[in-house]
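# Observations on chain architecture
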Amino acid sequence: MIRFTIITCTYNAADTLKCTLDSVGRQTYAYVEHIIQDGASKDNTLELAKTYQYEHREQGKPHDISIISEPDNGLYDAMNRAITRATGDYVLFLNAGDTFPSDDTLDTIAATVGEEETLPAVLYGDTDIVDAEGRFLRHRRLSPPDNLSWKSFKKGMLVCHQAFYARTDLARSTPYNLGYRFSADVDWCIRIMQRAAELHLSMRRIPAVVANYLDGGLTRQNHRASLRERFTVMRHHYGLPTTLAMHVYFILRQVFHLSS
């Protein structure tokens, strides 16, 4: 059976962390490693994490839970640190406030893989947007294609970061670029998919919602800076002419969306 490493990076996240811990803890799939990578929080984030770890062990649940608290250089640095500690076949980043849509989400994802000798490079699915109470707000506007490639992201980040399961060996050899503050996840996903193409590895769509994303995360809070960075990421991977043309398409798509 494949093993998942769920990585939750935190910093002063006490207000939103519990729902994420509860969601991971309720997963009925047994082969789960949960790494909580904390950036030396000053609130009670660690207390919540340690309570979660203790209760999980006391109840005899099978998941392995690790808690690391150390200073870091921001979210993407924390993600890189956690990847080096991952022991699962796939890594997924589910940060404070993000949740699984159901208790058997990981069972559903694992069933699509079975016991294949060569694991797909990426498993990916759909995403719903929720509020701080976990209430459904909307389905994510961008939907993943059935046949995903690194060129797909010319049309935007079609797969949400929280719905992108990367094979751990690929993730470990493809760390996040710390030169980006808000869009390193876009660049990382593209580079993972490029590596998959080089190795002739498949990518598999899960025909289901596999993540609930908390509305108003880091990218939304720094929207303009994030857009500038995404332009830089796209120009690097797809060239300036293609990036300019796609941004005209994005503007027209937004206008059409607002008028419809």
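Please refer to the structure higher up on the page.
Calculation notes
- Chains are numbered independently. Their residues run from 1 in the order of the written sequence.
- Thresholds applied to this predicted model are a pLDDT of at least 70 for local features of residues and 80 or more for the giving and counting of side-chain atom pairs; totals over whole chains, interfaces and linings are not thresholded and use all residues.
- Neither water nor hydrogens contribute to the side-chain values; these are computed over all heavy atoms in the structure.
- Among buried residues, those of type Ala, Val, Leu, Ile, Met, Phe, Trp, Tyr and Cys that are joined through side-chain atoms within 4.5 Å constitute a nonpolar core.
- Only protein chains enter the calculation, and the probe is 1.4 Å; a residue is then buried if its accessible area is under 20% of its type maximum, exposed if over 50%, and partly exposed in between.
- Elements are defined by DSSP. Helices are runs of H or I of four residues or more, strands are runs of E of two residues or more, and each kind is numbered from the N terminus.
- Between two residues, a contact is recorded if the distance between any of their heavy atoms is within 4.5 Å.
- Angular values range over 0 to 180 degrees, each being the angle between N-to-C directions of two axes fitted as lines to C-alpha atoms, with helices fitted over their stretch in contact.
- These descriptions rest on fixed angle ranges, namely under 35 degrees for roughly parallel, over 145 for roughly antiparallel, 65 to 115 for roughly perpendicular, and the rest for oblique.
- Rotating anticlockwise by less than a right angle from the far helix to the near helix defines a left-handed crossing, while the corresponding clockwise rotation defines a right-handed one.
- Three classes are used, and their members are as follows: Ala, Val, Leu, Ile, Met, Phe, Trp, Tyr, Cys and Pro are nonpolar, Asp, Glu, Lys and Arg are charged, and the others, Gly among them, are polar.
- Pairing between strands is defined by DSSP: at least two bridges between them are needed.
- Seen with its strands pointing away from the viewer, a crossover is right-handed if its path from the first strand over the helix to the second goes clockwise.
- Put simply, two rings from Phe, Tyr or Trp (the six-membered ring, in Trp's case) pair if the centres are within 6.5 Å, and we call them stacked under 30 degrees between planes, edge-to-face over 60, tilted for the rest.

## Some details on the nonpolar core
- In this structure, Phe4, Phe153, Phe164, Tyr165 and Trp188 are the most contacted members of the largest nonpolar core, which totals 74 residues.
- Top contributing element to this core by residue count: helix α6 (residues 184-198), with eight residues.
- If sequence neighbours within four positions are ignored, Tyr165 has contacts with Phe4, Tyr90, Val91, Leu92, Phe100, Leu106, Ile109, Ala121, Val122, Leu123 and Val210.

## Some details on the packing of α6 against helix α8 (residues 223-238)
- Interaxial distance between α6 and α8 falls to 9 Å at its minimum, and their mutual angle equals 20 degrees. In terms of their interaxial angle, α6 and α8 are classed as roughly parallel. In this structure, α6 crosses over α8, and the sense of that crossing is right-handed. Contacts between α6 and α8 involve Ala184, Val186, Asp187, Ile190, Arg191 and Gln194 on the former and, on the latter, Glu229, Arg230, Val233, His237 and Tyr238.
- Classifying every residue of the contact of α6 with α8 by side-chain character gives five nonpolar, two polar and four charged.

## Thoughts on the pairing of strand β1 (residues 4-10)
- Most of β1 is tucked away: seven of the seven residues are buried.
- The alternating pattern of β1 places Phe4, Ile6, Thr8 and Thr10 on one face and Thr5, Ile7 and Cys9 on the opposite face, and all of these are buried.
- Looking at chain direction, β1 and strand β2 (residues 32-38) are connected through seven bridges and run parallel. For Thr5, the partnering residue across the bridge sits in β2 and is Glu33.
- In this view, the connection linking β1 to its parallel neighbour β2 by way of helix α1 (residues 14-25) has right-handed handedness.
- Taken together, the four bridges between β1 and strand β4 (residues 90-93) define a ladder with parallel strand orientation. Looking at β4, one finds that Phe4 is bridged to Tyr90.

## Focus: the pairing of strand β7 (residues 164-167)
- Because side chains alternate across β7, one face comprises the buried residues Phe164 and Ala166, and the other comprises Tyr165 and Arg167, equally buried.
- As judged from the three bridges shared by strand β5 (residues 122-130) and β7, these two strands associate in the antiparallel manner. Of the residues in β7, the one forming a bridge with Tyr124 is Phe164.

## Quick notes on the packing of aromatic side chains
- Following the criterion strictly, the structure yields ten aromatic pairs and no others.
- Seen in terms of ring centroids, Phe4 and Tyr29 are 5.4 Å apart; in terms of plane orientation they differ by 65 degrees. Their pairing is edge-to-face. One end of the pair, Phe4, is in strand β1; the other, Tyr29, is in the loop between α1 and β2, and 25 residues separate them in sequence.
- The class of Phe4 is buried, set by a relative accessible area of 0%.
- Aromatic side chains Trp150 and Tyr238 sit 5.6 Å apart centroid to centroid with 5 degrees between the ring planes, which places their arrangement in the stacked category. Of the two residues, Trp150 is situated in the loop between β6 (136-139) and β7 and Tyr238 in helix α8; the sequence distance between them amounts to 88 residues.
- Site record: aromatic cluster; members linked through ring pairs are Phe4, Tyr29, Tyr31, Tyr90 and Tyr165.

## Let's talk about helix α3 (residues 75-85)
- The complete set of buried residues in α3 reads Tyr76, Asp77, Ala78, Met79, Asn80, Ala82 and Ile83.
- Residues of α3 that are buried sit in contact with β1, β2, β4, α5 (168-172) and α6.

## Side note on the packing of α1 against helix α2 (residues 45-58)
- Look at α1 against α2: their axes get within 9 Å of each other, and the N-to-C directions meet at 20 degrees. As summarised for this structure, α1 and α2 are arranged roughly parallel, according to the angle between their axes. The two elements α1 and α2 meet at a crossing, and its hand is right-handed. Mapping the contact onto sequence places Ala14, Leu17, Leu21, Val24 and Gly25 in α1 and Thr45, Leu48, Ala49, Tyr52 and His56 in α2.
- Of the residues contributing to the contact of α1 with α2, the split by class is seven nonpolar, three polar and no charged.

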